[in-house]
Structures are given as structure tokens and as C-alpha cells.
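Topology and contacts: notes
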Amino acid sequence: VTRTDEATAIAADSVLGKRRARADAWSKVTGGAEYVADRALAALLHARPVVSPFAHARITRVDRSAALQIPGVRHVLVYEDLPIRGGAGRAAEPLASGEVVFMGQPVALVLAETEAAAEDGAELVEVDYDLLDPAVDPQASVLPGAPLARVELLSESADGEMHGSIGKARTETAEEELSANVYERRIFTSGQPEEALAACSHVFKRRFTVPWIHQGYLEPQVAMASPDRDGGVSIYTSTQGTFYTRSVIAGVFDIPPGKVRVEAGTLGGAFGGKIALIEPLVVAAALAAKRPVRVAWTRSEDFAAGNPAPSFDVELTLGLTADGRFGALDAVMVVDTGAFTDNGTASLAAARMPGPYRFQATRVKLRGVRTNRPGAGAYRAPGGPQCAFALESLIDEAAQALGLDPVELRRMNVLATDEIAASGSRTAGHGMDAVLDTVASHPLWQRRDELPADQGIGLAIGMHPGQTMGAAASCRMDPDGGMTIVHGYVDMTGTDATMQVIAAEAMGVAPDLVRVEARDTRTAPPAGLSGGSMVTYCLGSAVKAAALSAREQLLDMAAGELEIAAGDLEVVDGAVRPVGSPAQAIAITSLVAKASGLGNGCLPIEGHGAGHPPELAPSAAAALAHVAVDRETGQVSLIDYVAVQDVGRVLNPALCEGQMRGGAAQAIGMALFEGMEYSDDGELLTGSFLTYAMPRSERLPDMETIIVEVPSEHGAFGARGIGESAIVPGAAAVANAVAAAATRMSDLPMTAGRVWQALRS
Amino acid sequence: VIPASCNYERPATIGDAFAALADPDAKVLAGGQSLVPMMKLRLARPSTLVDVCGIVGAHVEQIGGALHVGAGVTYDELLRSGAVVPTALAEAARSVGDLQIRNAGTIGGALAHADPACDIAAPMLSLDATLRLQSPSGERLVAIDEFFTGPYTTVLDAQELVMEAILPAPGDHAAGSAYVSFEDLASGYPIVGVAVCVEAQDGRVARCGAAVTGVGPSPTRVPALEAALLGQRDAELPAAIDGVELLAGEHADYHRHLLRVAANRAFACAADRAQGRAT
């Protein structure tokens, strides 16, 4: 841990910064954790989908008769059987509504008493299709006359609704005729791009591509739903957001939100991919069948019909002034978000293009294009690593060409606190300077010019802005001297263990005395999605406030007992006492017992906390990659990897390092292994782990993690949200290392065959 | 991922196994690391699974210099048997799948499955292995060279079982072998796998076997490569390797190139081992 001056010393008895296992770690690694698919439910119907073998077709006939003959099969549902009453986008179309728009799209759902019977039934459902021309290649699908990915549009979902505003943009004027597949054409500008570019002394230009990437969560999409007697529905699901799911379901089925009860199960990985994707289908089936229903995708169904990260294609131009300042950035981006346009993934990618840098002027021309693939979803720092791959590659190329120090070139162009970014928003305080100091002095970086032939070291940085939201929590004091924190956020990354430490530190007790309960939508305080690097930053502040409020009540009570001002009291060893006077200590247990006593006029001790940080707390990150390239085969071997990240204040180093390592692994996957491939007909060629390459542990190097602490102003104890920045710089760092060792690659993943081709030409 | 319904039998004797296999839709189960995934995708729908793991050989033993490997031996058992296993075979066995697969998948199962990218077939071919097969009509020995007939097909009759593989005793010369493969990043199957075994005399290759896997319809010996290696001193191969049927594909050029690289590296490594140079 590199602690900066601002990261002031913490008390010797502080529980912050200590390595602690998350409460669910043991049950997860020993198979004891209950996941959604594990829960037994009386009268449950199992579901298996009938999926389209074609990317684009019209359904002309569905014959269910043979399937209904299978013993145990109860229903075979098609779109027309579903009680859809509202909503928009993919959520309102959980089964294909006449027009199939991607291969693997569910066309019918078989419900049976056992999953095996449902599978047998699904095999016997006969579907006839009229084939339609598919739109597959994103660049070709942009052009007028291209086959349309959707002939009939049901409804469009509001763009970017989940991720908030992304700055100034104007709709591109129709100077160029484009296909109706282009559902979004916008230009984001700052300054005077043409003049700025003309004034630049050095201009670098390159086209970069990143394919569709699946989040690769270990637990495929799964949910259960039961109709309730009051006309509502109860849902038990693998989700990142119970309240968000509630609002989607309430909208699609026109049920009052109060009658939609959503409980989150243990999350078997999500990374942005589990946001109300499968719940509309399972609720529709449960309401249609009037019985509890479970839908659990297989791995291949999830690959074909999930919501992976969209493909990304950018023609990027970077102009530098004579003194190395970034003068102009010009990007022409084509983002293929598949057959649905939910989630705003195209405009999110456009917003990430300028990275954490200051430019005199920028112009990002965005085209969001619809093709016959599943709809795109969020994946850890949406657009972040893809944009960083392009921009950090070009910056590296500029540094090499101009003989500039890559660290200093970045440092002089990074936005300073309070500076206005290209998006028009003010730059919140960040620790990129300290991160760059750490990189510059790292032995691996200093050795970069002393390597054997065919080895290289690459650097890249990234800083995801994250988001803010209002969050709330309560803190109840318990008779055993412990406390219970109640909130409504799904634990995606170990955040409950973080809340435990925050509450313990605020109260002054041991973390073991803190229980953290994430409740369902019936009883939890209002909560947002787990995502956007928000939970530690926003909920953390609320939990701290709730614990401080309970502490104040406790101290007030003790002050009355001791006849000493509350301000002169402290909490030590499970007791409240005058500062430095153990002899007069009153155990928390006896205060709590008294607080719940009869007829003594005492109030129960329960604190409430809420908050909405007034600004972002971006987490600066950098990655160093050391590679060897086998020139004979093109194979890239990763020898070393160093992740450096400003976490604000380290609450639990084990969890911070986990985020940094996981982000690095996913970035390395993007760099070297991953990519969804489709045939010219729109058939998914990488629909299982036999064909889609994940960054498995044996292919990853030992990683070094260096935590930097530059406290945020508003996070609990200075903490920042760190989940997203962790993935941003890695792919670019590996690409820059490959460039230093052998050749510059513009297309991900950098497979051996591609590197070999590049070396040959 | 739910297989169609089927029966499971674990016969106690080979006679019971033959009887169960009289049903033309019955399939032999010998570890299940390929068959079961195919059943889960319903690409295979046997009426009955006849589990032969307890019947076919479970031995790894040296008999008169030859190495006998029972068909029921798992990859992991082979690697930990303590017997002197030719290096190429051990390298191939080690490169199969992951630990769970090596714990369950068997040598006989892998050979009988006849995957075009079967790792262990290449060293078996390069080492001149013989397979002992047994059927209701008796026993026969088949050179592995004549065993594979195409993708997932072999000379095995419907009720015939692979009982063991026999690797002949090495000759009098110093011998060395190596298996070099380039794997598909997702599946781990070899895109190109080359096994080379050489016997060196006076610093030259006096005898050699060379075989490839992953590149054609079946793992196969490469006589042209063997001919090129005979008499060689240094590890420099001819520019092209002829006589190997490559599955046509988008990356055929690259695969042909990898084939040459793998052959070079396998030969260099095997030659070093034969001459006692550490690798």
C-alpha cells in the first residue's frame, strides 16, 4: 500500500486496512452457498426454451402438440400466451414476437414437472420459419440498402436510462444516407476540433476493433417466480439489483411495484450482465401457468441469448502540439449493440473515448448499429477498456515516435482536479499523479530497456468515472453487543464484508460483531443497482452514517448514566466509558438491554443513514505488462503483470486486491483470448467454453498489486469505488507490451495467428 | 444439458459386456469425458451405457521390455504409475484437458473415441504401438497405424473392446521422444500436435517415428517426415512437410506453418533427449 500525505494516519486500534475474509467465502469455496437454482420450491414448474437456429426469420407456425404428449409437460408457451402489458425493449419481448432477431433467441418455453421432461418436450416443439436476410457485419449494416436487422419494431427502450447523462451531444445531421439499422447517430464535440487538429504538429491515426465479449460469469442466468394470491409476484433471482428488477417487472406486467417482491440469491458472478434480463420471461411464464416457474439457462443458451458487451470499431486520430500536449481527438465509432438497443451501451462507449485526458478539442462521431445478435449489455466499466485500448495504444505510439517518456506524456495531459472535461463535467479529485509516480519508480518499468529480444513492457492507464446514487441503511444494536446493518444492495464483489468494516470502525467495535443483512424489496431500505463502482462509495457512506447515528444514541444513553457529556465518551472493548477511564465503563450489552427494557422510558437504539455523494470519486488505475512474443508462432506469453490503483482508502486489502486481480484477469482475457465470433449467417461460433476462450488461471501470470491511497472527499473514510477502473487499462498495457516486443496490434484479441500474420506482413 | 433417458450397465465380466453390446444402440462407457458431454447436448443418444472400466485392463507394466497400458488406465494413473513411460506419451497425457478430465478419461476410451485431435494418439503412432482388441469371436492385435479409419471411426467391430495398448521395447540405440502441441485456447485440444521419437547412433538418426494429430481426419504417421529425419544430425527440417492431410479452414496457412514449427521443436527435443542433452 502506497499511502499519500492526504491519506492521514489512522488510529492504532482501527479496523480499516486489515485483511479479512468475506463472510461468504468459506461457503462458496466448499459448495455450501445456496444459489438460486438450488432452492427447492413446492409445485415448481421447470422450463426449457425452444430457441431459433436462425439469426433472422419470421415464425410461421409453432406446433406444440407432440411436446404436450410428453408425460409431465404442462405448457408450451409462445409470445402470444404471455401477459405482457407494458414495458419496452427486450424486457417486453421475452419470447420472439413473430420475428426472430438473433440465433438462440427463445421462441417458445416448455414448462414441465421436471427439467428432463421439459427438455424432452422442447425437442418435440416444431417451429417453421421463413428466413430473412440477416444483418451481421456492423460496417456493412450501416450502409443504405443493407438487410434490416429488424423488419418490424415493437418498441424502443429509453437509451442510457441506467447510466445517466453523458454530456453534450448533437444529433448528426443527415448529410450521409445510412441504413435504418443505424439507430443512433450523434456527434459529441468540445472546442473547435477541425482548427485544433490543423494546429497539431504530430498526428497519429489508427483503426481499432474489439469484438463482442461475454461477461463469463460462472453461474448462467437463472430466476424463479411465483404468482402471489394478491395478484402480485415473488421473484428469487440472480441479479445485481432487486429494486431495478422490481420496476422493470412492474412496468412490463402492469403490477403495482408494492406487489412485486424481489429477493436476490447468492450471485454467481455478474459483471454487469445480470440486470433484469431473464426475469421478464420467468414472471411471464409463472403468471401464464399460475404456478411457480424456474428458468435456468445452460451455458450455451447464455452465450447465445445473454447480453454481452457490444463490439467496438473506432477510427481514432490523436493530434499533439509541438510540446506534447494533446491538441485534438477525433473518433469515428461504430458500436454494434445487436438486435436490441437497451442499456445505452453505444453512447456509453462514446462518452469514454477521451479517457482521463485534457484535449483542446474533441469530436466523437458515434454510430450505434443494430444487427442480428442478442442485445448488448453492460460489462464492467462499459466501453472503458475498449476505448482505453484504442487511445492508450495511440498515446504509446506517439510517445515512441516522438521519443517522449510514456509516463510523463500521460501525466502532463491528465485532467487536473476541477478541470472541465470534454464531456463538460468538472473533474473530481483523483490520484492519477500518485499512481503514475508508483509506475515510474517500479523496477519492472525501469528495466524496460534492458530486456532480451522479443520481450517488451507496456504501460497504460485508465480512470473510470463511476457514478453516484442515493443510498440508505439502518443500524440496529443487538443484545449481544453486536449490531445489524440492513440495506438493499446485492453483494456482487464482497461489499457486505466492506460494510461490516465500515460499521465496525464507525462504532468502535470489532468487525465480527457486525452482521450485514441485504434484504429483499419487501423490507429493505430503497436501493439502487450494484454497479457503476457505486456500492462502497455510496452505500458505504450511508452505512457509516447509520452506525454513527446508533453510536450517538448509545453515547447519549451512557452520558445520562454517567452524567458526563457524550463528547467525553469513547467506545472501547465493547463498552462505553469516559475517555481513558476503564473503571467507569458500561458494557454495550447492558445499555442495549436497558434500551429495550419495560417502562423505563428508554428508546430502542437504531441508527439510520442515507446519503448521495455530491460528486464522483474516480479511481485512477495503471497496468504494467511484461510479455514475450514467440516470433515463430506469434504466441504472446505474459511474464509479469503489475496493477496499480488508487482506492482512496483501503478498507480491506484482500477485497481491493481481489478487485484488481479480477479486473486484470478480465483485461488480459480481452487482450489475448476472448471474442464472440459469428458466421456470415449470424450463427454464433463460440457458444460454449469449448470454443470461447476465457482467461483461465493457468494462463495468467503471477500478478503484483500495488494499492495507492489518495482519499476521496465524500466516501466513507476516503474510500473510492474501485470495481470498474480495475479492468480499464490492462488490455492496452498488454498491447503496448506486444508493440514493444514485436509489433503493434490494432485488433483484439491478439491471438497467436493474428500476431503471426502481423509479423509476416 | 440433460441427456435423453438411457440405461446404465456395469457388467462384471467381459461376456456380460459383449451381451449388453449386442444391442446396436448401446455404447461403451470408458471414462465418459467425451461421450457424456455429447449425450448432454443430445448429439449422442445411446440406449444403454455399458461401463467397461472394471473389465478392460487397469495395468501399466513392463513385460519383456514392452510397455503394456491397460485400456481402463486413466491419464493420471498412467502419469503416476511409476513405470517408464516414453516422454512423448507422458507429455501428451499431461496436455490432455484438466485435472478432472485426466482423473476420469482413459487411454482406451480416448483411442476408441478416435477424436481427430486426440493427443495421445500421436505418441502412440510414433512409438509403433499395437492395440489388443477383444470381441465375442476372439482376440486380435492391430497396429495403431491401421486402427483409425476417419473422424470418430476405427476398425473396432460393434461388440469389440480395446483391452490394452502395447508399446514395443526400445531398440539398442539411445532413444528419445517428444510431443509438442499448440492448443486451441478455449478447448485445449491441439490445433497441431507432433510426436517424434528417434533412436540415435553416432550422432545421427538411425530410426525414427513421427506422427501428427489435430490437423486431419485422423491422427496419422507422417512417412515423409520420418524419411526426412532419417540420417539427420541437426534439427533442421525440410521447408514443407508433405503427406499430411490438413483439414481445410480459414487458418490453413497458419496451421501448416505451426505444423512445421511443432515438428522442428519435437525433433530437436527428441534428438536432445536421445543424446542425453538436458531438455
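Residues numbered from 1 in each chain as written. Chains lettered and ligands numbered in written order. Predicted model: local features only at pLDDT ≥ 70, side-chain atom pairs only at ≥ 80, totals over all residues. Heavy atoms only, no water.

1. Quick notes on the overall build of chain B
Our working rule: By the criteria applied, helices consist of DSSP H or I runs no shorter than four residues and strands consist of E runs no shorter than two, each listed in order from the N terminus. Note that the radius of gyration is over C-alpha atoms, with the globule rule given as 2.2 Å times the number of residues to the power 0.38. We get accessible surface area from the Shrake-Rupley algorithm with a probe of 1.4 Å; when it comes to residues, only the shown protein chains can shield them. Under this rule, positive means Lys or Arg and negative means Asp or Glu; His and the chain ends count for nothing. We put the charge of a Lys on NZ, of an Arg on CZ, of an Asp on CG and of a Glu on CD.
Looking only at helices and strands, chain B has nine helices and 14 strands in total. Relative to its length of 279 residues, chain B is compact, with a C-alpha radius of gyration of 19 Å against a globular reference of 19 Å. Expressed as lengths along the three principal axes of its C-alpha atoms, the size of chain B is roughly 55 × 50 × 30 Å. On chain B, roughly 12,100 Å² of surface is accessible, and the fraction owed to carbon and sulfur atoms is 51%. Counting 19 positive and 32 negative side-chain charges, chain B places the centres of these two groups 4 Å from one another.

2. Here's the deal with the interface of chain A and chain B
The line we're drawing: Contacts are residue-level and defined by heavy atoms, with any inter-residue pair within 4.5 Å sufficient. By buried area we mean the combined loss of accessible area, with a 1.4 Å probe, across both parts when two parts are placed together. The rule for a salt bridge is simple: a side-chain nitrogen of Lys or Arg has to be within 4 Å of a carboxyl oxygen of Asp or Glu. Here a polar contact means two N or O atoms within 3.5 Å. Within protein one must be a hydrogen donor candidate and the other an acceptor candidate, and residues neighboring in sequence count only if both atoms are side-chain atoms. Note on residue categories: nonpolar means Ala, Val, Leu, Ile, Met, Phe, Trp, Tyr, Cys or Pro, charged means Asp, Glu, Lys or Arg, and polar means any other residue, Gly included.
Listed as interface residues are 24 residues of chain A and, on the opposing side, 17 residues of chain B. Carbon and sulfur atoms make up 55% of the surface buried where chain A meets chain B, a total of about 1,700 Å² over both sides. Scanning the region where chain A abuts chain B turns up five salt bridges. Ionic pairing is found between Glu123 of chain A and Arg42 of chain B, a salt bridge with its closest N-O pair at 2.8 Å. On the surface where chain A and chain B come into contact, there are 11 residue pairs in polar contact (both at pLDDT 80 or more). Going through the elements one at a time, helix 3 (115-124), helix 17 (653-673) and helix 19 (752-760) of chain A are the ones with two or more residues in the side of chain A that touches chain B. If one sorts the elements of the side of chain A that touches chain B by residue count, helix 3 of chain A sits on top with five residues. Taken together, the residues of the side of chain A that touches chain B break down into nine nonpolar, six polar and nine charged.

3. So, the confidence of the model for chain B
Filter applied, for reference: Across the chain, each position has a pLDDT score giving the predictor's confidence in that residue, from 0 to 100.
Looking at chain B, the pLDDT average stands at 92 and 96% of residues meet or exceed 70. The complex prediction reports pTM at 0.95, with the ipTM value standing at 0.93.

4. Digging into empty space enclosed by the protein
We count it as follows: Cavity: a set of points on a 1 Å grid over the protein atoms alone where a 1.4 Å probe fits but cannot get out. Pocket: an open set with protein on both sides within 12 Å along at least five of seven lines, its lining residues, like those of a cavity, having an atom within 4 Å of a point. Grid points are joined across faces, edges and corners, and a volume is the space filled by probe spheres set on the points.
Tallied over the full model, the rule gives six cavities of 30 Å³ or more. Size it by volume and the largest cavity reaches roughly 170 Å³. Within the lining of the largest cavity, the residues separate by chemical class into 11 nonpolar, one polar and two charged. Of the pockets and cavities examined, the second largest cavity occupies roughly 80 Å³.

5. Quick word on the packing of aromatic side chains
Rules: Pairing of aromatic side chains here covers Phe, Tyr and the six-membered ring of Trp, requires ring centres within 6.5 Å, and sorts the geometry by plane angle: under 30 degrees stacked, over 60 edge-to-face, intermediate tilted. Each residue's exposure class comes from its accessible area (1.4 Å probe, protein chains only) as a fraction of the maximum for that residue type: buried when under 20%, exposed when over 50%, partly exposed otherwise.
Scanning the entire structure with this criterion turns up eight aromatic pairs over all chains. Taking the centre distance of 5.5 Å and the plane angle of 25° together, the rings of Phe326 of chain A and Phe359 of chain A count as stacked. A residue pair is termed long-range when its members are at least 10 positions apart, and Phe326 of chain A in strand 16 (residues 326-336) and Phe359 of chain A in the loop between helix 9 (345-352) and strand 17 (361-369) qualify at 33 residues. Each member of the pair, Phe326 of chain A together with Phe359 of chain A, is buried. When the centroid spacing of 5.0 Å and the interplanar angle of 45° are considered together, the rings of Trp756 of chain A and Tyr254 of chain B count as tilted.

6. What to know about the sheet that holds strand 6 (residues 106-112) of chain A
Residues and elements named next belong to chain A. We count it as follows: A pair of strands is labelled paired if DSSP reports no fewer than 2 bridges between them. Helix axes are fitted to C-alpha atoms over the stretch in contact, other axes to C-alpha atoms as well, and angles between N-to-C directions run from 0 to 180 degrees.
Reading across the sheet, the seven strands line up as 4-6-2-14-11-12-13 and stay open at both edges, with mixed pairing between neighbours. Each end of this open sheet is capped by a strand with a single partner; those strands are strand 4 (73-78) and strand 13 (260-264). Between one strand and the next, the sheet's axes are offset by a mean angle of 20°, whatever the strand orientation. Two elements, strand 2 (residues 45-51) and strand 6, share six bridges in a ladder whose sense is antiparallel.

7. As for the environment of Gln139 of chain A
All names here are of chain A. Structurally, Gln139 is set in helix 4 (residues 138-142). Judged by its relative accessible area of 31%, Gln139 falls in the partly exposed class. The spatial distance from the C-alpha of Gln139 to the C-alpha of Glu419 is 36 Å, given a sequence separation of 280 residues. Ignoring any residue separated from it by four or fewer positions in sequence, one finds Gln139 in contact with Arg207, Asp313 and Val334.

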